Amino acid sequence: SFTHDSDGMTVRTYTVAALLPMALGGATFNTWRVTAASSDVAGPGQTDRLNEVAIGDGLSMGNRQRVDAQVGIGSVAGRNILEGAVQWDERLTDAASVFGSAERSPIVTPTALTNALQYATFTAGVSLRAADHWIATPVYFHQVFTDGNHRDGGRFKVVLIPYDIPATASALGAEVEARAFRSTQPYGGIYFNPERYRQEQVGLIGVHRFGPGWRLRVTA
């Protein structure tokens, strides 16, 4: 993967993963995975490399509950960083589900990596299918940074699942998303951290099927 932002930071990440599905046992099914990744993080006048290894498990319990968890170690400039994540979701009905997660990871900017800064994110949310093609997802999140900063915020997303365009192999949909948070210790210069942040975004979703095994999805 490759990203580049308007502050001049570039991140190149190379990842290899193996999935190890286990035998079905009663009402549960496990899929183990092993992941290794290497990221080159470059900013104005500074470059760092973050190497990561992790092991995880996806556990399905019946038809309604699923738990995904992983734990790993990251290494940058001779320092080791403990990372991990766990996510749980339960389908209450065909139209509604609830989910929650907890994650600990490094802040991926050159300055933050040099200082081994990390943050933990806790989320809770609901997914509601209002109609055949409409899904609404409100989410609350709380973040704790190792430099003492705390954030509370939320996001709300509405997705119009793409409708098929008659007589074509394409479909068209849309999404609207709003996100906001407040930081207790704003600014600081190490990572993007305003006191108050608000974002609204509107997008179009295009899907084209090239055949039974190939599909292209584009968002703008």
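This text gives an overview of the structure that appears in the document.

About the cut-offs
Residues numbered from 1 in each chain as written. Predicted model: local features only at pLDDT ≥ 70, side-chain atom pairs only at ≥ 80, totals over all residues. Heavy atoms only, no water. Phe/Tyr/Trp six-rings, centres within 6.5 Å; stacked < 30°, edge-to-face > 60°. Helix = DSSP H or I, 4+ residues; strand = E, 2+ residues; numbered from the N terminus. Patch = residues over 30% accessible without salt bridge, like charges linked within 9 Å, V, L, I, M, F, W, Y side chains within 5 Å. Areas by Shrake-Rupley, 256 points an atom, 1.4 Å probe, with all protein chains shown as cover. Salt bridge = Lys/Arg side-chain N within 4 Å of Asp/Glu carboxyl O. Polar contact = N/O pair within 3.5 Å; in protein donor to acceptor, adjacent residues only side chain to side chain. Contact = heavy atoms within 4.5 Å. Pairing = 2+ DSSP bridges. Buried < 20%, exposed > 50% of the residue type's maximum accessible area, 1.4 Å probe, protein only.

This part is about the packing of aromatic side chains. Scanning all chains against the criterion turns up 4 aromatic pairs. Relative to Tyr191, the ring of Phe145 lies with its centre 5.0 Å away and its plane at 10 degrees, an arrangement referred to as stacked. Of this pair, Phe145 sits in strand E9 (residues 134-145) while Tyr191 sits in the loop between strand E11 (170-183) and strand E12 (196-211), and the two are 46 residues apart along the sequence. Ring centres of Phe192 and Tyr197 lie 5.6 Å apart, and the angle between their planes is 85 degrees; this geometry places the pair in the edge-to-face category. Clustering of aromatic rings is evident, with ring pairs tying together Tyr119, Phe145 and Tyr191.

Quick look at a nonpolar patch on the surface now. The grouping of Leu20, Met22, Trp32, Val34, Val53, Ile55, Val71, Ile73 and Leu82 at the surface amounts to a nonpolar patch, some 790 Å² of accessible area in total. Of all the secondary-structure elements, those providing two or more residues to the nonpolar patch are strand E3 (28-43), strand E4 (46-61) and strand E5 (65-76). In this fold, Val34 is placed in strand E3.

What follows is about the side chain of Asn30. Among the secondary structure elements, Asn30 is positioned in strand E3. In terms of polar contacts, Asn30 uses its side chain to reach the side chain of Asp57, at 2.9 Å. For Asn30, the contacting residues outside a window of four places in its chain are Leu20, Pro21, Met22, Asp57, Gly58 and Leu59.

A few words now on unusual backbone geometry. Backbone geometry at Ala77 places phi at a positive 50 degrees, although glycine is not the residue there. Mapped onto the fold, Ala77 is located in the loop between E5 and strand E6 (79-91). A positive phi angle, close to 55 degrees, is found at Ala116, a residue other than glycine. Mapped onto the fold, Ala116 is located in the loop between helix H1 (110-114) and strand E8 (118-131).

Consecutive side chains of a regular strand alternate in pointing toward one face of the sheet and then the other. Sheet topology places E3 next to E4; 16 bridges connect them, and they run antiparallel. Opposite Phe29, over in E4, you have Ser60 as the bridge partner. Count of turn residues in the E3/E4 antiparallel hairpin: 2 residues, of which Gly45 carries a positive phi of about 75 degrees. As paired strands, E4 and E5 are joined by 11 bridges and run antiparallel to one another. Bridging from a neighbouring strand, Asn51 pairs with Ser75 of E5.

Oppositely charged side chains are able to pair whenever their charged atoms sit close together. Enumeration according to the criterion identifies 7 salt bridges in this entry. Its salt-bridge partner being Asp40, residue Arg49 comes within 2.8 Å of it at the nearest N-O pair. The partner of Arg66 in a salt bridge is Asp68, and the shortest N-O contact between them spans 3.0 Å. Note on Arg66: relative accessible area 28%, which makes it partly exposed. One salt-bridge network, held together by shared partners, links Arg33, Arg66 and Asp68.

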